[in-house]
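# Architecture at a glance
Read off the chains here:
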Amino acid sequence: MSVGQGSTGVQPSAGAQGAAGITYTKVDDSYFEARKLKRYARVWSLWALGVGAVISGHYSGWNLGLAQGYGSMLFATIIIATMYLGLTFSLAEMSPALPHTGGAYSFARTAMGPWAGYITGIAENIEFVLTPAVIVFFIGSYLSAIFGTAPEFQPVYWILSYALFVGLNIVGVELSFKVTVTVTVMALAVLVVFYLSVLFSGKLDFAHWALNIGADGAELANGGGPFLPFGIKGIFMTMPFAVWLFLAIEQLPLAAEESHDPQKDMPKGIILGILTLIVSAFLVTFLNTSIAPGAAGLAKSGEPLLDGFRTIFGSDIAKILAAIAVIGLIASFHTIIFAFGRQIYSLSRAGYFPSFLSVTHGSRKTPHVALIAGAVLGLLVMLIIWFSKGAEAGANVIGGTLLNMAVAGAMLAYFMQGMSYITLKKKFPNIHRPYKSPFGNAGALVCMIIAAITLYFQFTDPVFQNGVLGVAIYYAVMMAYFLIWGRHKLILSPEEEFAVTKGEGEYKSH
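For clarity, every value in this text was computed on a predicted model and none was experimentally measured.

Attention shifts here to the overall build of the chain. Within the chain, the secondary structure is distributed over 18 helices and 3 strands. Here the C-alpha radius of gyration of the chain, 22 Å, is about what a compact globule of 510 residues would show, namely 24 Å. By its C-alpha atoms, the chain is 75 × 45 × 40 Å across when sized along the principal axes. Burial statistics for the chain: of 510 residues in total, 60% are counted as buried.

All told, the structure shown has 9 salt bridges when counted by the stated rule. When the shortest N-O distance is used, the salt bridge between Lys-178 and Glu-174 registers 3.2 Å. With Lys-178 and Glu-174 both in helix α7 (residues 173-201) and 4 residues apart, the pair spans about one turn of that helix. Given a relative accessible area of 42%, Lys-178 falls into the partly exposed group. When its relative accessible area of 35% is taken as the criterion, Glu-174 is described as partly exposed. Glu-257 is paired through a salt bridge with Arg-349; the nearest N and O atoms lie 2.8 Å apart. Residue Glu-257 is located in the loop between α9 (231-242) and α10 (262-287), and its partner Arg-349 is located in helix α13 (residues 318-349); the two are separated by 92 residues in the primary sequence. With respect to class, Glu-257 is no different from Arg-349; both count as buried.

Turning our eyes to something else, we now look at unusual backbone geometry. For the bond running from Ala-292 to Pro-293, omega is 5 degrees, close enough to zero to count as cis. As for its placement among the helices and strands, Pro-293 is situated in the loop between α10 and α11 (294-298). Phi is positive for Lys-365, close to 60 degrees, though the residue is something other than glycine. For Lys-365, the position within the fold is in the loop between α13 and α14 (368-389).

This paragraph deals with the side chain of Asp-307. Among the secondary structure elements, Asp-307 is positioned in helix α12 (residues 304-313). Setting aside chain neighbours within four positions, we find Asp-307 in contact with Ala-292, Pro-293, Leu-298 and Ser-301.

Among the nonpolar cores identified, the biggest contains 156 residues, and Tyr-59, Tyr-84, Tyr-162, Phe-246, Leu-305 and Tyr-414 are the most heavily contacted of them. Element by element, the count of residues in this core is highest for helix α5 (residues 114-147), at 17 residues. Among residues more than four places away in sequence, those in contact with Leu-305 are Tyr-59, Tyr-142, Val-190, Leu-191, Phe-194, Val-284, Asn-288 and Ala-325.

A separate point is the packing of aromatic side chains. Geometry of an aromatic ring pair is reported as the spacing of the ring centres plus the angle between the planes. Taken as a whole and judged by the stated rule, the model has 26 aromatic pairs. On the basis of an interplanar angle of 85 degrees and a centroid distance of 6.0 Å, the ring pair of Phe-75 and Phe-227 is categorised as edge-to-face. Of this pair, Phe-75 sits in helix α3 (residues 70-97) while Phe-227 is found in the loop between α8 (206-210) and α9, placing the two residues 152 residues apart along the sequence. Phe-227 gets classed as partly exposed once you look at its relative accessible area, which sits at 33%. Between the NZ or CZ atom of Arg-35 and the centre of the ring of Tyr-31, over which it lies, the distance is 3.7 Å.

As a further point, take helix α15 (residues 391-427). For α15, with 37 residues, the first-to-last C-alpha span of 52 Å sits near the 54 Å given by 1.5 Å per residue. At Ile-398, α15 shows its maximal bend, which comes to roughly 30 degrees.

Summary statistics for the chain give a mean pLDDT of 89 and a share of 94% for residues scoring 70 or more. Low pLDDT, under 50, characterises residues 1-17; the stretch is placed with 47 contacts to residues that sit more than four places away or in other chains. Contacts for the low-pLDDT stretch residues 505-510, under 50 throughout, to residues beyond four places or in other chains number 17 contacts.

Relative to the helices and strands, Leu-383 is located in helix α14. The sequence separation of Leu-383 and Gly-302 amounts to 81 residues, and the corresponding C-alpha distance is 19 Å.

To continue, consider the packing of helix α2 (residues 43-54) against α13. Across the interface, α2 lies against α13 with an axial gap of 7 Å and an inter-helix angle of 120 degrees. As α2 runs across α13, the sense of the crossing is left-handed. Residues Ala-48, Leu-49, Gly-52, Ala-53 and Val-54 of α2 lie in contact with α13, whose contacting residues are Ala-331, Ser-332, Thr-335, Ile-336 and Phe-338. A class-by-class count of the residues in the contact of α2 with α13 yields 7 nonpolar, 3 polar and no charged.

This part takes up a nonpolar patch on the surface. On the surface, Val-192, Leu-196, Leu-199, Phe-200 and Leu-204 cluster together into a nonpolar patch covering about 500 Å² of accessible area. In this structure, Leu-196 sits in helix α7.

Taking the C-alpha atoms as reference points, Lys-365 and Gly-314, separated by 51 residues in sequence, lie 47 Å from one another. For Lys-365, the residues in contact, after removing those within four places along its chain, are Glu-33, Lys-36, Leu-37, Lys-38 and Thr-360.

The rules behind the values
- Residues numbered from 1 in each chain as written.
- Predicted model: local features only at pLDDT ≥ 70, side-chain atom pairs only at ≥ 80, totals over all residues.
- Heavy atoms only, no water.
- Helix = DSSP H or I, 4+ residues; strand = E, 2+ residues; numbered from the N terminus.
- Rg over C-alpha atoms; globule rule 2.2 N^0.38 Å.
- Buried < 20%, exposed > 50% of the residue type's maximum accessible area, 1.4 Å probe, protein only.
- Salt bridge = Lys/Arg side-chain N within 4 Å of Asp/Glu carboxyl O.
- Contact = heavy atoms within 4.5 Å.
- Core = buried A, V, L, I, M, F, W, Y, C linked by side-chain atoms within 4.5 Å.
- Phe/Tyr/Trp six-rings, centres within 6.5 Å; stacked < 30°, edge-to-face > 60°.
- Lys NZ or Arg CZ within 6 Å of the ring centre and 35° of its normal.
- Expected span 1.5 Å × (residues − 1).
- Bend = angle between axes of the 7 residues up to and from the residue.
- pLDDT = per-residue confidence, 0-100.
- Axes fitted to C-alpha atoms, helices over the stretch in contact; angles between N-to-C directions.
- Left-handed = near helix turned anticlockwise from the far one by under 90°.
- Nonpolar A, V, L, I, M, F, W, Y, C, P; charged D, E, K, R; others polar.
- Patch = residues over 30% accessible without salt bridge, like charges linked within 9 Å, V, L, I, M, F, W, Y side chains within 5 Å.
- Areas by Shrake-Rupley, 256 points an atom, 1.4 Å probe, with all protein chains shown as cover.

Here it is in structure tokens:
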């Protein structure tokens, strides 16, 4: 086998044919020299990265699940929070034990081999590329409320937002993390102001507003409706939307190679992050729903937090409030751009994606090619949907179907990460683990079960079947690429080398 030489430093090599037809390619030092990252992050940077990635889900997106009633939202949030506790504590153990930028892909790769690593990596790639697309759609909704622009102007907001925040991520990891910490703290501050405003407004009326959906789905003017208008099934149908309250906290391991001390800081950052988000999730779902327009109105809203601010303070200052509220969306948009940049970078550096995608900026040491590629892909999906379906229908697809596609990718990734945790415990019992999850295999298993149930109900919901089908098609294309081309181009990146040297004797590099 031979690979073209050039700036990547890849050299011709006969390669070693391993199990499942995997072939490794030799590279020289210049390959990794062109793919260096810079260490900067510590505990609070990692906490901000995790919380910031998720916080937009407390501003918009979760509320679409209220179509099944507040009771469904409450129980779905409890179930999904349980899943995320199992996931994040498993990650808190795996990440310092395998401190590589690959994150979920590297855990699955070490535990179950290259094919499992690739399958997990594609699932996370779907999640991290599509999630910013959904978030930037909500950013456009808020900006439209601020500036009074027509719906047709939305794509301009998307393009400008991608250009600005991809640019910030390219400038340097130090600036990127400083922006992350700043906007995350500001976003949380806005939520705290909202919570206190609702509590002291005198307008909180749970029975009237949170229970204003009848058993037939119709809005009840005086509230007092059933707690679970659609029964137990409504809980399961709501679970994909409850995921939005926590989605992307799992991106923290992607910052391992940019953390000064990932073995100590990563567990602290991710555990503090999930605990912060759980508290905020239960507050926002209860307080936002317990004031006008209530569950029925918020279920159709693109800016539920802004609707709540309007109820408390009136419409006269709505534009000012919208400008403040958009901070939360910006926090998540910025941090998940960081995530897809590192995720594409790590898969590319190891040869699963074309290797040119992992080249880092010469002086800034940021994965600029991966950042641009992920942004172009996410934006392209949005523009195709928008212009093929029109503004109104396009908004429904992006705000609902793409959200569920991102969740479907996440559920696949979570299932594989839970399996990775259990397999690593069995396969490498003596590997150095600076932190051990108090939930052990049980936490990982619960995560897998809930993820599988959530994905199943996405398949059964006719509204979102097209979205899940889109995930399946993307998978088919990417698996075909790996089968025909990618599996013959793998490279011993840090993740791959760790997996190989820890006992996978069937793979050898020559």
